[in-house]
Amino acid sequence: MRSVNYSQFSFFNIYFPAEFVAHVEINRPRKLNAFNKDTWTQLRDIFHLISADPNIRVAILSGAGERAFTSGLELSPELFTMLNGGDYEEERARFMTRRAIRDFQDSISAIENCSKPVIGLAHGVAFGLAIDILSATDIRICTSDVRFSVKEVDIALAADIGTLQRLPKVVNSLSWCKDVVYTARVFGAQEAHLQGFVSNVFESKEKGLEAAFELAKIIVAKSPVAVQGSKHLINYSRDRTVQDGLEYTATWNAFAIGKDMKDAVASAMSKSKPQYGKL
């Protein structure tokens, strides 16, 4: 029996296909899995719960149906009003707009800040917000028929939820990054793979999910202290100098090295499979 209620989220399906593995599926297929305000609020809450749940060590994120991972934000008068500060007078409206954007940013950052590794599977349409979300995941894979686009400039907006901050750090070329951001052009799986946005391409969503599950099973067999520590240290070091990262890692491991490492060494010597406690 799970102590956390994951059935409360109306816009997501959450499955547990293997021990310590959660599969989070955006569930608005009739809307091409587009996000409204409630959807992004639920996304944040889900990954906060996963981060603290000792029964989960890896999460997989995909979209329901075959047509889309997500087509991005659901454009509506409500969204436009919210992002323009509602009915407040001008200077207060700017504060309300900033507050709304920061709230949305925090929802997407919940994926990156989740203590557990997150595998993103992109398929079908993956526009706009899809790039924000996927850039915040740890490992990205996709289907051969996926269509990506950093769509925001087509609605007269500079992407403001994380693409402009994260995408340049996860791809091979800043020139290519600026190309797809400035033009909003659609690009496919092979181009995304070539530029390092995804690490693997699969012929179908079914094959992609199979690969994601197998990858997750490998990860959950490792020490959660080591895996979660590795995620934290990679993200910390990415935004700082090498020396800062080394200093912080030395301090981190001074506290983190312990029973899991002893068990791993003992298992290696006895050629047995280690069993690690929950974290």
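As a starting point, this report considers the structure included with it. The written sequence of each chain sets the order in which its residues are numbered from 1. Reporting in this predicted model follows two pLDDT cut-offs: at least 70 for local features of residues, and 80 or more for side-chain atom pairs to be given and counted; totals over whole chains, interfaces and linings ignore these cut-offs and use all residues. As a rule here, side-chain values cover all heavy atoms of the structure and leave hydrogens and water aside.

**Considerations on the overall build of the protein chain**
Heads up, the rule is: Each helix corresponds to a stretch of at least 4 residues labelled H or I by DSSP, and each strand to a stretch of at least 2 residues labelled E; elements are numbered beginning at the N terminus. Computation of the radius of gyration draws on C-alpha atoms, with the globule rule given as 2.2 Å multiplied by the number of residues to the power 0.38. In what follows, a contact means two residues having at least one pair of non-hydrogen atoms within 4.5 Å.
A count of helical and extended segments in the protein chain gives eleven helices and nine strands. Taking 2.2 N^0.38 as the reference for a compact globule, 279 residues should give roughly 19 Å; the C-alpha atoms of the protein chain span a radius of gyration of 20 Å, in line with that estimate. For the protein chain, the spread of C-alpha atoms along the principal axes amounts to about 65 × 45 × 40 Å. Long-range contacts, defined as pairs at least 24 residues apart, comprise 69% of the intrachain contacts of the protein chain with a sequence gap of at least 6.

**Description of the pattern of salt bridges**
Here is the rule we go by: Definition used for salt bridges: Asp or Glu carboxyl oxygen within 4 Å of a side-chain nitrogen of Lys or Arg. The rule is simple: take the accessible area with a 1.4 Å probe, protein chains only, and divide by the maximum for that residue type; under 20% is buried, over 50% is exposed, in between is partly exposed.
By the definition in use, this model includes 16 salt bridges. Across the salt bridge formed by Arg28 and Glu74, the nearest N and O atoms sit 2.9 Å from each other. Pair noted here: Arg28 is in the loop between strand 2 (21–26) and helix 1 (37–52) and Glu74 is in the loop between strand 4 (68–70) and helix 2 (77–83), with a separation of 46 residues, a long-range link. The exposure class of Glu74 is partly exposed, given its relative accessible area of 22%. In this structure, Asp263 engages Lys259 in a salt bridge whose closest nitrogen and oxygen atoms are separated by 2.6 Å. Taken together, the residues span about one helical turn, with Asp263 and Lys259 both in helix 11 (residues 259–270) at a distance of four residues. Classification of Asp263 as partly exposed rests on a relative accessible area of 22%. Taken together, the shared-partner salt bridges connect Glu112, Arg166, Lys169, Arg238 and Asp239 into one network.

**What to know about the packing of helix 5 (residues 163–170) against helix 6 (residues 174–183)**
Helix-helix packing is characterised by the crossing angle of the two axes and by the distance between the axes. Defined as follows: Note on method: axes are straight lines fitted to C-alpha atoms, helices fitted across the in-contact stretch only, with angles between N-to-C directions ranging 0 to 180 degrees. Crossing handedness is defined as follows: a turn of the near helix away from the far one that is anticlockwise and smaller than a right angle gives a left-handed crossing, while the clockwise case is right-handed. Residues are grouped as follows: Ala, Val, Leu, Ile, Met, Phe, Trp, Tyr, Cys and Pro are nonpolar; Asp, Glu, Lys and Arg are charged; all remaining types, including Gly, are polar.
The interhelical angle for the contact between helix 5 and helix 6, taken along N-to-C directions, is 140°, at an axis separation of 9 Å. Seen along the crossing, helix 5 lies across helix 6 with a hand that is right-handed. Side by side, helix 5 and helix 6 meet where Leu164, Leu167 and Pro168 of the first sit next to Leu174, Cys177, Val180 and Val181 of the second. Classifying every residue of the contact of helix 5 with helix 6 gives seven nonpolar, no polar and no charged.

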